[in-house]
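# Breakdown of the fold
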Amino acid sequence: TQQTYTELQQAYSQFNRALFQDALPPCLITLQRHKKTLGYFSPERFVNRSGTRTDEIALNPAYFATRSIKEVLSTLVHEMCHGWQQHFGKPGRGRYHNKEWGQKMESMGLLPTDTGKPGGKTTGDKITHCIVPGGTFEQVADQLLTQTYCISWVDRFADAPADKISVEGVDSDELATMGIQLGGTDPMTNNSNRAKYSHICSDRKPVSVWGKPGLELACVTCGCAYERH
């Protein structure tokens, strides 16, 4: 735990200093496995016992083995740009990536795109990015990676097929030796083709049910829909 989060905090501090002039406040970095999501930013998600609030930046460890360290760090900066906009700009509604955010990304040397390739849409709910060769982000990342920096721990159940592997300094055979299952399935994952739905009605405890994907469930007491997870 200490090794993993020290490495992520080191990267956050260096990018904050080099790209944001240390303007970003501290945040709480977490690891979250949200399917098909590389990471996300959640403003004021945590609060301490004194009432102080802080933002969350989450990274998905399921992709750590199938992306280079530089690509993982680019996701960190992607979310830091959301943090910058939260404190100094005008965020879009929900998780919408608006024009202001896109311009900040481009100034960092990260090109917004909805396709993962240059030329895609630069605004929308689901926007990723490309690293601009020789851009500001890449220059700072290269400085960090010339040190002894690395992301030491990766998820053994890599969330990508083997032909998309891109781990710096490690080939597919070495990953297999490490016990990483490329495109493998986590044995803790539900594979029964059932989905989980949950709902909280008034002051009652949460209620969860399992059923086929695509069900439309509603509470008979309040009429509100169950949320699928």
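Residues numbered from 1 in each chain as written. Predicted model: local features only at pLDDT ≥ 70, side-chain atom pairs only at ≥ 80, totals over all residues. Heavy atoms only, no water.

## Description of the environment of His34
Among the secondary structure elements, His34 is positioned in the loop between β1 (28-31) and β2 (39-47). Among the residues examined, His34 registers a relative accessible area of 39% and is labelled partly exposed. As a C-alpha pair, His34 and Ala58 span 24 residues in sequence and 9.4 Å in three-dimensional space. Apart from residues no more than four positions distant in its own chain, His34 is found in contact with Tyr40 and Asn60. (Helix = DSSP H or I, 4+ residues; strand = E, 2+ residues; numbered from the N terminus. Buried < 20%, exposed > 50% of the residue type's maximum accessible area, 1.4 Å probe, protein only. Contact = heavy atoms within 4.5 Å.)

## A look at empty space enclosed by the protein
Counted according to the given criterion, the structure contains 2 cavities of 30 Å³ or more. Space inside the largest cavity adds up to approximately 60 Å³. Those elements giving two or more residues to the lining of the largest cavity turn out to be β3 (53-59) and α2 (69-88). The element best represented in the lining of the largest cavity is α2, accounting for 3 residues. Here the residues of the lining of the largest cavity sort into 7 nonpolar, 2 polar and 1 charged. If you add up the space inside the second largest cavity, you get close to 40 Å³. Considering the residues around the second largest cavity, the lining is formed by Leu38, Leu59, Asn60, Tyr63, Phe64, Arg67, Val72 and Thr75. In terms of residue class, the lining of the second largest cavity is made up of 5 nonpolar, 2 polar and 1 charged. (1 Å grid on protein atoms, 1.4 Å probe; cavity = no way out; pocket = protein on both sides within 12 Å on 5 of 7 lines; lining within 4 Å. Points joined across faces, edges and corners; volume = space filled by probe spheres on them. Nonpolar A, V, L, I, M, F, W, Y, C, P; charged D, E, K, R; others polar.)

## Overview of the layout of surface pockets
Quantified by volume, the largest pocket comes out at close to 1300 Å³. Of all the secondary structure elements, the ones that give two or more residues to the lining of the largest pocket are β2, α2 and β5 (128-131). Among the elements that make up the lining of the largest pocket, the one with the highest residue count is α2 (8 residues). When its residues are assigned to classes, the lining of the largest pocket shows 12 nonpolar, 17 polar and 11 charged.

## Describing the side chain of Lys70
Mapped onto the secondary structure, Lys70 falls in helix α2. A polar contact is formed between the side chain of Lys70 and the side chain of Glu138, at a distance of 3.3 Å. (Polar contact = N/O pair within 3.5 Å; in protein donor to acceptor, adjacent residues only side chain to side chain.)

## Structural notes on the nonpolar core
One finds Tyr12, Phe15, Phe20, Leu73, Val77 and Met80 to be the most contacted residues of the largest nonpolar core, which totals 32 residues. Contributions of two or more residues to this core are made by α1 (2-20), β3, α2, α3 (99-108) and α4 (136-145). Excluding residues within four positions of it along the chain, Phe20 makes contact with Phe15, Met80, Cys81, Trp84, Lys104 and Met108. By size, the runner-up hydrophobic cluster in this structure holds 5 residues, among which are Ala195, Tyr197, Cys219 and Tyr226. (Core = buried A, V, L, I, M, F, W, Y, C linked by side-chain atoms within 4.5 Å.)

## Focus: the packing of α1 against α2
Where α1 contacts α2, the two axes come as close as 10 Å, and the packing angle between them is 60°. Viewed along their axes, α1 and α2 adopt a mutual orientation that is oblique. With respect to the hand of their crossing, α1 and α2 are arranged in right-handed fashion. Residues Leu8, Ala11, Tyr12, Phe15, Asn16, Leu19 and Phe20 of α1 lie in contact with α2, whose contacting residues are Leu73, Leu76, Val77, Met80, Cys81 and Trp84. The residue inventory of the contact of α1 with α2, partitioned by class, reads 12 nonpolar, 1 polar and no charged. (Axes fitted to C-alpha atoms, helices over the stretch in contact; angles between N-to-C directions. Parallel < 35°, antiparallel > 145°, perpendicular 65-115°, else oblique. Left-handed = near helix turned anticlockwise from the far one by under 90°.)

## Considering α3
All of the buried residues along α3 are Trp101, Gly102, Lys104, Met105 and Met108. Taken end-on, α3 shows its buried residues confined to a sector of 160°, consistent with a single buried face. Along its buried surface, α3 packs onto α1, α2, β4 (110-113), β5 and α4. Between a side-chain oxygen at the N-terminus of α3 and the backbone nitrogen of Glu100 the separation is 3.3 Å; the capping residue is Asn98. Positioned one or two residues after α3, Gly109 has a phi angle of 90°, which is positive. (Arc of directions from axis to C-beta.)

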